[in-house]
Amino acid sequence: MKPLILAIALLGAPLTTSLAAQDSWVADVSYPYSHDLNCAVSEGGRIALVQNNEPFGASINVYTAGMSPIHDFRIDPVGGNVIDINAAIFLNETTLVIAGSVASLPYMGAFHVGTGVAIWEESLTKSGAFSELAINSIGKVVGCGRITSSGQRLGLLCAVNPTGGWAFYRTYNPSTTNLNIAENIVPLPNGDMFLMSTSTSGLAISRLTDWGHEVWSKWYAPTDLVINRTLGCISSDGDLMVAGRYYETAQIYDNVLMRIDSDDGAVRWAKRYQLPGSDSAATPTQSLLPTEDGGVIMGCDSHPDSIFAPALVKVSTDGLVDWAKEVSAGASTGILKIDDTSDGGFIAISKLSGSTARIVRTDVRGNAGLCAGAPITVPHEPTVVQDTAFTYHYDPYPGVCANHTTTTSSTTSQVTMVCHSSDTVGTTFCDPANPNSTGFATRLTGRYSGFIGFGLHLDARHGPQNQFGYFLIGSGVSEPGIVLGQGRFCLSTIGGNQFGRYNVSGGSLNSLGRFDSAGVLQNLAGTSAEGSGFDVPFALPGISGNMTSGQTWHFQLWHREAGGQSNLSNGISVDF
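Each residue is numbered by its place in its chain's sequence as written, counting from 1. A pLDDT threshold of at least 70 governs which residues receive local features in this predicted model, and a stricter bar of 80 or more applies before side-chain atom pairs are shown or counted, although totals over entire chains, interfaces and linings include all residues. Water and hydrogen atoms play no part in the side-chain values, which are based on all heavy atoms of the structure.

Describe the pattern of salt bridges, with residues and values.
The working definition used for a salt bridge is a side-chain nitrogen of Lys or Arg within 4 Å of a carboxyl oxygen of Asp or Glu. Taken as a whole and judged by the stated rule, the model has 8 salt bridges. The partner of D239 in a salt bridge is R259, and the shortest N-O contact between them spans 2.9 Å. With D239 in the loop between strand 18 (227–234) and strand 19 (240–247) and R259 in strand 20 (residues 253–260), this pair connects stretches of sequence that are 20 residues apart. For the pair formed by D239 and R259, the shared burial category is buried. Secondary structure elements are defined from DSSP: runs of H or I of at least 4 residues count as helices, runs of E of at least 2 residues count as strands, and each element is numbered from the N terminus. Throughout, exposure labels follow a simple rule: accessible area from a 1.4 Å probe, protein chains only, divided by the maximum for the residue type, with under 20% read as buried, over 50% as exposed, and the rest as partly exposed.

Structure representation (structure tokens):
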């Protein structure tokens, strides 16, 4: 193995995995080769970047989540063969598995991340390549892709034992399953797997056992809104989430998301999301990350003004967009991988033009620390095009970071930036709340907006359409709370704790609002500079005195339900 010379300098204070959730940074990693980054993986505090490069080999660089190098190694060709790596995954903390092709034959290999030594390497004697990897629930390394046999292109699914050696090998005939190429494999907790493939006319999904035998297969035509390149993940409540790209016109590619019942393949909903500026050069969603609330984060590309702009889009369990953020400036070509951090933030890995990878560490709402220049300009409220039309709120990129450090060097173009985001605030309690009449829980969030008082702004989403509500405040919390209507009241009223309602008419203490058709609470009292939610003042409703620095206050939303019932959101606690 020939070690790489790694061209990276992380300047200033070293980055570590202990960064707080509100911190963010960006690091660009340059390579001494001309080829772009091909695939990336982040898991368990490790980041691996894989690059196919000249002459015909592949290089692999492994880092901690704070971008401290662990090891870099190179896979050199044997006998002048071409190596093409398409996928990578961590088998465990010390073992990285890669897959693709060698000499146009399907190939998998496992390597020790600290030494670069090969643990096992396997290949098939049929023309083809692996396109994606997964680890199923019984520990096998599963790869999908395609082979060519007797002039016919077949979908491919193979599994390797954790210590090496083929466990099983299966092919799927396009004439019976409509597969063009097996693009993605998604394991289920019980050992089953979903195999997904597309052609120019739709999407095929098969549920398979842990040995690759078919449980059911279904075909989803373009009327289900999905064609072209797909990937998937299992939501926290067990459904299959499928992302893809919908071809609108010769100039527009929309991002698509489907929620599919894992048991029978029925489509719960299918929606199209038109990000600003997406055109024929834009890449589709390339990465999905399930979230604890049953939703997902999509790694997309909004591609405004012919400049690639990777974006994270947080989608709720019912397909509504909670937030969307562009996380990188410049000519980057989409997000290859998203991972969550131990403290609520995200890692987003992109590839830039040339031979550079960009690693962005965001806070819990996707804010990235690009403080060296002006904020990215994006439309405030672009339209979402889907089967049931609505618009979503495109959170503005946070203002030019006031609290940040930027370091540069005269000997390298590497710049490391660390920011403190002011976009989100609070920790949740009684979360999730009881479902409301829509079937989903009303979601309360808080962020600093710079308006009245300490600048705290509260928002509520996923509520029942046309129902009224207002915000509550208290000095204490009681979990799991007490039953109130159909919800749980989680603010404490005992032991000296104080409680108040923001429903005082005629001034800043009135938060009365009504949920619109998208389930967002719109302010009716004129006490929100943004129209939705509520701007919290210094004054306290029904409680003596004002908010002061050093205090902690707790908030919930009470609202009406259909049929005269009532319900409540989750709560958030905010340190002032």
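Requested: an account of the packing of aromatic side chains, with residues and values cited.
Here a Phe, Tyr or Trp ring, Trp counted by its six-membered ring, pairs with any other such ring whose centre lies within 6.5 Å, and the pair is stacked when the planes are under 30 degrees apart, edge-to-face when over 60, and tilted otherwise. If you walk through the whole model with that rule in mind, you get 8 aromatic pairs. An aromatic cluster is built from F471, Y502 and F534, whose rings are joined through pairwise contacts.

Would you mind going over the pairing of strand 27 (residues 346–352) in detail, with residue names and values included?
The buried fraction of strand 27 is high, at 7 of 7 residues. Strand direction decides the pairing type here: strand 27 and strand 28 (residues 356–362), joined by 6 bridges, are antiparallel. What sits directly across from F346, in strand 28, is T362. A pair of strands is labelled paired if DSSP reports no fewer than 2 bridges between them.

I'd like to hear about the sheet that holds strand 35 (residues 456–461), residue by residue, with values.
Spatially, 3 strands are ordered 34-35-42 in an open sheet, and the strand pairing comes out antiparallel. Unpaired on one side and paired on the other, strand 34 (443–448) and strand 42 (534–535) mark the two borders of the sheet. Of the strand pairs in this sheet, strand 35 and strand 42 are connected by 2 bridges, and their pairing is antiparallel. Each residue of the ladder has a partner; that of H457, found in strand 42, is D535.

Lay out the sheet that holds strand 13 (residues 166–172) in plain terms, naming residues and giving numbers.
Spatially, 4 strands are ordered 10-11-12-13 in an open sheet, and the strand pairing comes out antiparallel. The sheet terminates laterally at strand 10 (128–135) and strand 13, the two strands that pair on one side only. When the angles between neighbouring strand axes are averaged without regard to direction, this sheet yields 20°. Across 7 bridges, strand 10 lies against strand 11 (residues 141–149) in antiparallel orientation. Within the sheet, the bridge partner assigned to L133 lies in strand 11 and is G143. Lines fitted to the C-alpha atoms define the axes, with helices restricted to the stretch that makes contact. Angles between their N-to-C directions range from 0 to 180 degrees.

Run through unusual backbone geometry, naming residues and quoting values.
For the peptide bond that leads from D431 to P432, omega is 5°, which places it in the cis range. Examined against the element boundaries, P432 turns out to sit in the loop between strand 33 (427–429) and strand 34. At the junction of E479 and P480, the peptide bond is cis and its omega measures out at 10° in the coordinates. Structurally, P480 is set in strand 37 (residues 477–484). Within the chain, N466 stands out as a residue other than glycine whose phi angle is a positive 70°. Assignment of secondary structure puts N466 in the loop between strand 35 and strand 36 (468–474).

Tell me what's going on with the side chain of S101, and back it up with residues and numbers.
Along the chain, S101 falls in strand 7 (residues 95–102). When its relative accessible area of 9% is taken as the criterion, S101 is described as buried. The residues touching S101, leaving out its near neighbours within four places in the chain, are V82, I83, D84, P106, Y107, G128 and A129. The contact definition used throughout considers only heavy atoms, calling two residues in contact when any of these lie within 4.5 Å.

Please provide a residue-by-residue account of the state of the cysteines, values included.
Note on terminology: pairs of cysteine sulfur atoms within 2.5 Å are recorded as disulfides. Applying the stated criterion across every chain, the model contains 1 disulfide. Here C430 engages in a disulfide with C490; their sulfurs sit 1.9 Å apart. Where C430 bonds to C490 through sulfur, the torsion about that S-S bond is close to -100°, and the disulfide is left-handed. In this pair, C430 sits in the loop between strand 33 and strand 34 while C490 sits in strand 38 (residues 487–491), placing the two residues 60 residues apart along the sequence. Neither C430 nor C490 differs from the other in exposure class; each is buried.

Tell me about the side chain of N136, and name the residues and values.
Here N136 lies in the loop between strand 10 and strand 11. For N136, a relative accessible area of 4% gives the class buried. A distance of 2.9 Å separates a polar side-chain atom of N136 from the backbone nitrogen of K140. Beyond its immediate chain neighbours, meaning those up to four positions away, N136 contacts V142, P187, M193 and D210. Counting of polar contacts relies on pairs of N or O atoms within 3.5 Å, with two restrictions inside protein: one atom must be capable of donating a hydrogen and the other of accepting it, and residues adjacent in sequence are counted only when both atoms are side-chain atoms.

With reference to specific residues and values, describe a nonpolar patch on the surface.
Together, F468, L512 and L524 line one region of the surface with nonpolar side chains, adding up to about 240 Å² of accessible area. By secondary structure assignment, the location of F468 is in strand 36. The partly exposed category is assigned to F468, whose relative accessible area is 35%. Patch members must show over 30% relative accessible area and no salt bridge, and they are joined within 9 Å when carrying like charges or within 5 Å when they are nonpolar side chains of Val, Leu, Ile, Met, Phe, Trp or Tyr. Reported accessibility uses the Shrake-Rupley method at a 1.4 Å probe radius. Residues are deemed covered only where the shown protein chains occlude them.

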